[in-house]
Amino acid sequence: MPIVLVGPMGAGKSRVGHRLAESVGAPFIDTDLRIIERYGPIEEIFEREGEEYFRIVEREVVAEALREEAVISLGGGAVLHADTRDDLAGLPVVWLKVSASAVAPRLVGGNRPLLADGGIERWSAILAQRRPVYEAVAKYSIDTSRRSVARIVDDITGHF
Ligand code: S3P
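Just so we're clear, the structure is a prediction, and the values are computed from it rather than from any experiment.

**A closer look at the site of the ligand**
Working step 1: For the ligand, the set of nearby residues contains 14 residues, the closest of which are Lys13, Asp32, Arg55, Arg112 and Arg130.
Working step 2: Between an oxygen atom of the ligand and a main-chain N or O atom of Gly76, the distance comes to 2.8 Å.
Working step 3: Separating an oxygen atom of the ligand from a side-chain N or O atom of Arg112 is a distance of 2.7 Å.
Working step 4: Grouping the amino acids of the shell around the ligand by side-chain chemistry returns 5 nonpolar, 3 polar and 6 charged.

Next up, the structure:
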C-alpha cells in the first residue's frame, strides 16, 4: 500500500518523502518529477498549455503512481481532482502543514508558476482554498515548520 504525502507548496513533501521512503525501504515517487520527466518543466507546461492541461497530465501521473507500493509525494494541487480524492480514500495520507513564516524562505527562487506573481500572499490564499480538501483526505497531519526531517519521519512511521 502506498504512503501518500499531501500539502501546500514548500511544506517539505519531497524532502520528507525521500527520507520516509528510505526509512520504510520503499521506492519514492515525486509526481512533479514524473511530470517533468515526461512532459518537460512545469512552468513551461503552464505557460504553453495552461493549468487545466497541467491538471489532466497530473491526474494521469498520480493515478499511475497510486498503484505502486511506494512513498508518494503529490504536487500541492493534485487533490483538486475528484478522482484523486476518491483514490486516496482508505490510504495512509499524511498532510504536511507549514506556517507562512516558515515556508516563505523555502519558496524563494522556486519554479512555481502559481506563485509567479503573488509570493507568500498568493500562497496563503491558495492554502485557504485548499485547506478543507487536505483536511478531508488526510488520515494524519504534522506541522513541518519547526521540526527536523528526521523527527517528522519518525513521527509518521510511528503513527502507521
Ligand atoms: C502546484 C504545486 C507544485 C506543482 C505545480 C502546481 C499547486 O508542486 O505541482 O507548480 O497547484 O500547488 P509542489 O507542491 O511540490 O510545489
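**Focus on the pattern of salt bridges**
For side chains of opposite charge, pairing can occur when their charged atoms come near one another.
Working step 1: Applying the stated criterion across every chain yields a total of 7 salt bridges.
Working step 2: Between Arg34 and Glu68 there is a salt bridge; the shortest N-O distance is 3.1 Å. Here Arg34, found in helix α2 (residues 31-39), pairs with Glu68, found in the loop between α4 (51-65) and β3 (71-73); they are 34 residues apart in sequence, far enough to count as distant.
Working step 3: A relative accessible area of 17% places Arg34 in the buried class.
Working step 4: For Glu68, a relative accessible area of 29% puts it in the partly exposed group.
Working step 5: Across the salt bridge formed by Arg48 and Glu44, the nearest N and O atoms sit 3.0 Å from each other. One end of the pair, Arg48, and the other, Glu44, are both in helix α3 (residues 42-49), 4 residues apart, so they sit about a helical turn from each other.
Working step 6: Judged by relative accessible area, which is 57%, Arg48 ranks as exposed.
Working step 7: One network of salt bridges, with partners in common, ties together Arg34, Arg38, Glu64 and Glu68.

Calculation criteria
Residues numbered from 1 in each chain as written. Predicted model: local features only at pLDDT ≥ 70, side-chain atom pairs only at ≥ 80, totals over all residues. Heavy atoms only, no water. Near = heavy atom within 4 Å. Polar contact = N/O pair within 3.5 Å; in protein donor to acceptor, adjacent residues only side chain to side chain. Nonpolar A, V, L, I, M, F, W, Y, C, P; charged D, E, K, R; others polar. Salt bridge = Lys/Arg side-chain N within 4 Å of Asp/Glu carboxyl O. Helix = DSSP H or I, 4+ residues; strand = E, 2+ residues; numbered from the N terminus. Buried < 20%, exposed > 50% of the residue type's maximum accessible area, 1.4 Å probe, protein only.

Interpretation note: all reported values are geometric properties and have no functional meaning in isolation.
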